[in-house]
Amino acid sequence: MHSHSVALIHQRLAQDDTQAVDKRLNTILQSACELLTLDVAIISNVNRTGKTYTLAHTFSRTITLPVGKIFPLKVNFCALAVHRNAPVMIHNMALLSKFRHPCHNYFTLEAYIGIPIQVNGKTFGTLNFCGTTPHAPFIDTDYALMLNLAVIVGDLMTLKAKNCAENARETQVAPIIVTV
């Protein structure tokens, strides 16, 4: 099913290799939603205390999820993915009643696939995709796609962090030294 998925995403990114990091991330989120046939894509940032997470990037054709929105981490799929340091794949929420994703308040969440992402060698948060209807059971190629996407997104988020740090250094005003 996804034998050429990563190649397709790379092809879309290569069409304009001068794209800003945010635009590249949006291309990945949109392309992966199409490939996985899911409605919503989220890159979350789990804070250092592990009590909340923030929507760092989102994509959806059906709802609006505000970037910067903070949710309690509690017991949800993002927490589970980070805790296990492994993908979480749930194709039909009706099979589970214990967990609820905080985004469930924004839309009915019936399918979820997510994976932790690393930025600068540390767990940053998760890359996850959700659907408003049950999904066919996820398969090995979905798992492989998520592993590859986690690396690509982690690398782009690392680049974004580096660019932000460089921009901050460039905009710092040099002190004025007066000698008498």
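Definitions and cut-offs
- Residues numbered from 1 in each chain as written.
- Predicted model: local features only at pLDDT ≥ 70, side-chain atom pairs only at ≥ 80, totals over all residues.
- Heavy atoms only, no water.
- Helix = DSSP H or I, 4+ residues; strand = E, 2+ residues; numbered from the N terminus.
- Buried < 20%, exposed > 50% of the residue type's maximum accessible area, 1.4 Å probe, protein only.
- Contact = heavy atoms within 4.5 Å.
- Areas by Shrake-Rupley, 256 points an atom, 1.4 Å probe, with all protein chains shown as cover.
- Phe/Tyr/Trp six-rings, centres within 6.5 Å; stacked < 30°, edge-to-face > 60°.
- Lys NZ or Arg CZ within 6 Å of the ring centre and 35° of its normal.
- Pairing = 2+ DSSP bridges.
- Axes fitted to C-alpha atoms, helices over the stretch in contact; angles between N-to-C directions.
- Salt bridge = Lys/Arg side-chain N within 4 Å of Asp/Glu carboxyl O.

Caption draft 1: Local environment of the overall build of the protein. For the protein, the helix and strand inventory stands at four helices and six strands. The N-to-C order of helical and strand elements in the protein reads α-α-β-β-β-α-β-β-β-α. In the protein, buried positions account for 43% of the 180 residues. In the protein, once contacts between residues fewer than 6 apart in sequence are set aside, the share between residues at least 24 apart is 56%. Only carbon and sulfur atoms are counted for the fraction: they give 55% of the accessible area of the protein, which is about 10000 Å².

Caption draft 2: Quick look at the packing of aromatic side chains. Per the counting criterion, the structure on display carries one aromatic pair. When the ring centre of Phe71 is taken as reference, the NZ or CZ atom of Lys69 above it lies at 5.9 Å.

Caption draft 3: Inspection of the sheet that holds strand E3 (residues 70-72) at higher detail. Strand order across the open sheet formed by six strands is E3-E2-E1-E6-E5-E4, with antiparallel pairing between neighbours. Every other strand in the sheet has two partners, leaving E3 and strand E4 (88-90) as the edge strands with one partner each. Pairs of neighbouring strands in the sheet enclose a mean axial angle of 25 degrees, with direction left out of account. Judged from the seven bridges that link them, strand E1 (residues 40-46) and strand E2 (residues 52-60) form a sheet pairing that is antiparallel. Directly across from Val40, in E2, lies its bridge partner Ser60. Its contacts with the sheet place helix H2 (residues 21-36) against E1, E2, strand E5 (111-119) and strand E6 (122-131), and it is angled at close to 75 degrees to E2. Strand contacts of helix H3 (residues 77-84): E1, E2, E4, E5 and E6, with the helix running at about 135 degrees to E6, the strand carrying the most contacts.

Caption draft 4: Just the pattern of salt bridges, in detail. This structure, assessed with the given rule, holds two salt bridges. Note that Asp22 is salt-bridged to Lys160, the shortest N-O span being 2.7 Å. With Asp22 in helix H2 and Lys160 in helix H4 (residues 140-171), this pair connects stretches of sequence that are 138 residues apart. Its relative accessible area of 34% is what places Asp22 among the partly exposed residues. Take Lys160: its relative accessible area is 23%, and that puts it in the partly exposed class.

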